[in-house]
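Remarks on the overall topology
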Amino acid sequence: MYKLLQLYKLRLLFAHLLMGYLLTSFRNLNLSTFYGIIVVIIGTYYILSKPDSKSQYPILFSAYVVGLEVLLRMTNAQLFWEFGKYSVIYFLLLGIIRQRQSINILPQTLYYFLLLIPAVFIIPFESFTIWRQDVAFNLSGPACLAICSIYFYNRILDMELLKKILFVLILPIAAVSTYNLLIMPDLSTYHFQPYSNPITSGGFGPNQVSTLFGLGIVCILACQVFRSNLFGSQIIDLIILAIFFGLGLITFSRGGIFAAIISFTFAVSYFMFNNQKNMYIISKSLSLIIIVLITWYIIVSLTDGVIAQRYGISSVSYGERLVLDFTGRMEIYRIDFEIFKDNFFTGIGTGQGNEVREQYGYGKKVAAHVEYSRMLAEHGILGLISLILLISLPFSSFYNCKKTKGRLIIILFASLAMLTMTHSAMRLAIPSFIFGLIFPKYDI
C-alpha cells in the first residue's frame with residue numbers, strides 16, 4: 001500500500017512537471033485558463049458529491065488553488081485577478097454548506113474583517129468598476145483570511161491530513177519550477193543586477209514568485225522535522241527543496257526567502273527547546289544547511305556573485321542598506337503612517353492609498369507592500385483595532401494549544417503569514433490560507 005501511494009504521488013509530481021512544460025510550449029493556447037476552470041469544476045463535484053468524513057476536500061482544493069494562483073497569473077490565464085482568493089472562499093463555503101451543522105466562530109476573526117468594511121463607503125464613486133476593483137484588490141485577502149479562520153477553527157487536523165495539505169500545495173509550485181526553468185535566459189551569458197528580476201522569475205512579479213517558492217520551502221522543511229517525506233523519498237524531497245531555494249534566490253526578491261528562513265528558524269528553535277529528541281533535529285538541521293549552502297554556492301557562481309550583493313553579504317556599501325532598502329517599502333511604510341496621522345478616525349478609504357501616497361511625496365502611484373500600514377492608512381482607527389485583533393490571534397492560538405508539535409505548526413505558519421504580509425501585503429491567497437492553519441486542533 002505504501003509503495004502504491006508513493007507511486008501515485010510521483011505520478012502526480014510528474015504530471016505537474018509536464019504541465020509546466022506544456023504551459024511553456026503552448027503559451028498561445030491559453031491552457032491555464034481552461035485548467036483553472038477545470039479545477040473549480042472538479043473541486044465543486046468532489047466537495048458536494050463525494051463521501052468526506054474528515055471534511056478534507058474543501059481544504060485540499062483550497063490548498064491546491066493557493067499553490068496554483070501564481071502559475072495562473074504568470075501564464076496570463078483569462079480569469080479575474082483575485083481568482084485564487086475567491087476560489088478558496090468558494091470551496092470553504094461549499095464545505096460549510098455540505099456539513100449542514102453549526103460552526104464555531106472565533107469572534108476576533110469576524111470582527112477583524114467587519115471593522116474593515118466601513119472604509120468601503122468613503123471611496124470616491126467615479127464608476128462602479130473602479131469602486132469594485134478597489135474593494136476586491138484590498139479586501140478579498142482579509143475576507144479570505146476570515147473564511148479560512150472560520151473553517152479551520154477547532155477542526156481536528158491529524159498528521160495524515162496535514163501532509164496531504166502540504167503535498168497539494170507543493171504540486172503547482174513544481175509546475176512553476178518547470179515553467180521558470182524553461183523560459184529562463186541562458187544564465188551563463190546573462191548580465192545580472194542586484195535587484196528583483198522578472199526575467200528570471202518566469203516573466204512575472206519576482207516578489208510573488210519568491211513568496212510562492214518560500215511557501216514550498218517551508219512545506220518541505222516542516223515534513224522533514226516531523227520525520228516524513230512528501231513524495232515518499234527523502235532524496236526527492238531534498239532535490240525539490242534545493243530547486244525551490246535556488247529558483248527563489250534567482251528571482252532576486254528577498255521577501256519570500258527571508259520569510260521562509262525566519263519562520264522556520266522560529267519554529268524549529270521552539271521545537272528544540274521543548275523536545276527530547278534534540279539530536280535528531282540537530283542532525284536533520286545540519287543536512288538541510290548543507291543542501292542550502294550547496295544551492296547558495298551554485299547560485300552565487302551562476303550570478304557571478306551578484307546574488308551575494310543583493311543579500312548584503314559581499315558588498316559593504318549595499319549591506320549597510322540591507323535593512324532599510326527594501327525597494328521603497330520603508331518609504332511606503334513611513335508615508336502610510338503620515339496618512340494615518342492625518343486621517344486618524346476614518347482613514348482615506350479602501351484602495352485609495354495608491355494615489356494618496358503619490359501626493360505625500362512617493363513620486364508615483366504605488367500599491368502597499370505592507371498590509372499593516374495599509375490597514376492604518378486606509379481604515380483609520382478601525383483599521384488599528386482590526387490590526388490589534390489580527391496580531392493577537394496567533395498568540396491566543398499558541399496559548400490554547402498544549403501539544404509541542406501543534407505549537408510548532410502554529411509558530412511556523414503564523415510567522416510565515418505575518419512576514420509575508422510585510423513584503424507582499426495580501427496580494428496572494430497564501431497568507432490568508434496559511435494563517436488559517438493556526439486555528440485547528442492538531443492531533444499529531
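Residues numbered from 1 in each chain as written. Predicted model: local features only at pLDDT ≥ 70, side-chain atom pairs only at ≥ 80, totals over all residues. Heavy atoms only, no water.

Describing a nonpolar patch on the surface
A surface patch of nonpolar side chains, amounting to about 740 Å² of accessible area, comprises Phe14, Leu18, Tyr21, Leu22, Phe26, Leu29, Leu31 and Leu182. Tracing the backbone through its elements, the reader meets Leu182 in helix H7 (residues 159-183). (Patch = residues over 30% accessible without salt bridge, like charges linked within 9 Å, V, L, I, M, F, W, Y side chains within 5 Å. Areas by Shrake-Rupley, 256 points an atom, 1.4 Å probe, with all protein chains shown as cover. Salt bridge = Lys/Arg side-chain N within 4 Å of Asp/Glu carboxyl O. Helix = DSSP H or I, 4+ residues; strand = E, 2+ residues; numbered from the N terminus.)

Let's talk about unusual backbone geometry
With a phi close to 60°, Asn30 is a non-glycine residue in the positive phi region. Tracing the sequence through the fold places Asn30 in the loop between helix H1 (2-25) and helix H2 (31-49). On the accessibility criterion, Asn30 (21% relative accessible area) is partly exposed. Although it is not a glycine, Phe252 adopts a positive phi angle of roughly 65°. As for its position among the elements, Phe252 is in the loop between helix H9 (234-250) and helix H10 (254-273). (Buried < 20%, exposed > 50% of the residue type's maximum accessible area, 1.4 Å probe, protein only.)

Overview of the environment of Val70
Residue placement: Val70 occurs in helix H3 (residues 57-74). Given a relative accessible area of 0%, Val70 falls into the buried group. Taking the C-alpha atoms as reference points, Val70 and Gly141, separated by 71 residues in sequence, lie 15 Å from one another. Sequence-distant contacts of Val70, that is, excluding residues within four places in its chain, are made with Phe204, Gln208, Val209, Leu212 and Leu428. (Contact = heavy atoms within 4.5 Å.)

Description of the side chain of Ser210
By the element assignment, Ser210 lies in helix H8 (residues 206-225). The class for Ser210 is buried, based on a relative accessible area of 0%. Discounting chain neighbours no more than four positions away, the residues touching Ser210 are Gly248, Thr251, Ser253, Arg254, Gly255, Gly256 and Ile257.

Thoughts on helix H16 (residues 371-400)
Taking 1.5 Å per residue as the helical rise, H16 with its 30 residues ought to reach 44 Å, whereas the 26 Å between its terminal C-alpha atoms falls clearly short. Within H16, the axis deviates most sharply at His379, by approximately 145°. (Expected span 1.5 Å × (residues − 1). Bend = angle between axes of the 7 residues up to and from the residue.)

Structural notes on empty space enclosed by the protein
By the definition in use, this model includes three cavities of 30 Å³ or more. Lys85, Phe137, Asn138, Gly141, Pro142, Ala367, Ala368, Glu371, Arg374, Ala425, Met426 and Arg427 are the residues that line the largest cavity. Looking at the lining of the largest cavity, the elements that each hand over two or more residues are helix H6 (128-152) and H16. Considering each element in turn, the lining of the largest cavity owes the most residues, four residues, to H6. (1 Å grid on protein atoms, 1.4 Å probe; cavity = no way out; pocket = protein on both sides within 12 Å on 5 of 7 lines; lining within 4 Å. Points joined across faces, edges and corners; volume = space filled by probe spheres on them.)

What to know about the layout of surface pockets
If you add up the space inside the largest pocket, you get close to 980 Å³. For the lining of the largest pocket, the elements supplying multiple residues, two or more each, are H1, H2, H3 and H7. It is H1 that provides the largest number of residues to the lining of the largest pocket, a total of nine residues. In the lining of the largest pocket, the residues fall into 18 nonpolar, six polar and four charged. (Nonpolar A, V, L, I, M, F, W, Y, C, P; charged D, E, K, R; others polar.)

What to know about helix H4 (residues 83-99)
In this model H4 runs 24 Å from its N-terminal to its C-terminal C-alpha over 17 residues, within 8% of the 24 Å that 1.5 Å per residue would give. Taken residue by residue, H4 has Phe83, Gly84, Lys85, Ser87, Val88, Ile89, Phe91, Leu92, Leu94, Gly95, Ile96 and Gln99 as its buried positions. At its buried positions, H4 is contacted by H2, H3, H6 and helix H18 (430-436).

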